[in-house]
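Reading the structure
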Amino acid sequence: QVRVVESGGGLVQPGGSLALSCAASGTLDNIWAMGWYRQSPGKTRELVATLTTDGTANYADSVKGRFTITHNNSKYTVYLQMNSLKPEDTATYYCNVNEVLSINDRNVYWGQGTQVTVSS
């Protein structure tokens, strides 16, 4: 089992910055990637950024050049630095952990979500 704990988020003015962090704990040997998704009211959950344990990052087009995902030395805490925030970035942000036990056995774990509001 993997436990996922997020922190960060809050209210920021347009053009401002915020940072989110996500720590995974428990059995971590088979984690392949961690990342962030977001969901606004009435919309489906969408990918923001992911980072594999070998350092490959993937970003949604809407955040490229503004958001940066990194991990610490253990690779099981990821950070999302969000710059030049826009009102359309307002959403609940969820941390996502992908575990690969075998080619046909994968698990996905989610955090509880943290609210990011961009408003003047």
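Refer to the structure above for everything that follows.
What this report covers is the structure whose coordinates are included nearby. (Residues numbered from 1 in each chain as written. Predicted model: local features only at pLDDT ≥ 70, side-chain atom pairs only at ≥ 80, totals over all residues. Heavy atoms only, no water.)

The next thing to look at is the overall build of the protein. Along the backbone of the protein there are 0 helices and 11 strands. Starting at the N terminus and ending at the C terminus, the protein contains elements arranged as β-β-β-β-β-β-β-β-β-β-β. A compact globule built from 120 residues should have a C-alpha radius of gyration of about 14 Å, and the protein, at 14 Å, falls within 12% of that. Each of the three principal axes of the protein carries a C-alpha extent, and together these read 45 × 30 × 25 Å. For the protein, the proportion of its 120 residues judged to be buried stands at 41%. By sequence separation, contacts in the protein at least 24 residues apart represent 53% of the contacts at least 6 residues apart. As displayed, the protein has an accessible area near 6,400 Å², and 47% of this comes from carbon and sulfur atoms. Across the protein, 9 positive and 9 negative side-chain charges occur, with their mean positions spaced 5 Å apart. (Helix = DSSP H or I, 4+ residues; strand = E, 2+ residues; numbered from the N terminus. Rg over C-alpha atoms; globule rule 2.2 N^0.38 Å. Buried < 20%, exposed > 50% of the residue type's maximum accessible area, 1.4 Å probe, protein only. Contact = heavy atoms within 4.5 Å. Areas by Shrake-Rupley, 256 points an atom, 1.4 Å probe, with all protein chains shown as cover. Lys, Arg positive; Asp, Glu negative; His and termini not counted. Charge placed at Lys NZ, Arg CZ, Asp CG, Glu CD.)

Opposite charge on two side chains permits them to pair, given that their charged atoms come into close proximity. A complete count under the given rule lists 4 salt bridges for this structure. Here R38 makes a salt bridge to E46, at a shortest N to O gap of 2.7 Å. A relative accessible area of 5% places R38 in the buried class. In this structure, D89 and R38 form a salt bridge, with 3.0 Å as the shortest nitrogen-oxygen distance. Here the residue D89 occupies a position in the loop between strand 8 (77-82) and strand 9 (91-102), and R38 occupies one in strand 4 (residues 31-39), the gap between them amounting to 51 residues. (Salt bridge = Lys/Arg side-chain N within 4 Å of Asp/Glu carboxyl O.)

Moving on to unusual backbone geometry. The residue K75 is not glycine, and still its phi comes out positive at about 70 degrees. In this fold, K75 is placed in the loop between strand 7 (67-71) and strand 8. Given a relative accessible area of 36%, K75 falls into the partly exposed group. At S84, a residue that is not glycine, the phi angle is positive and equals roughly 50 degrees. Relative to the assigned elements, S84 resides in the loop between strand 8 and strand 9. Taking the relative accessible area as the measure of exposure, S84 reaches 42% and is therefore partly exposed.

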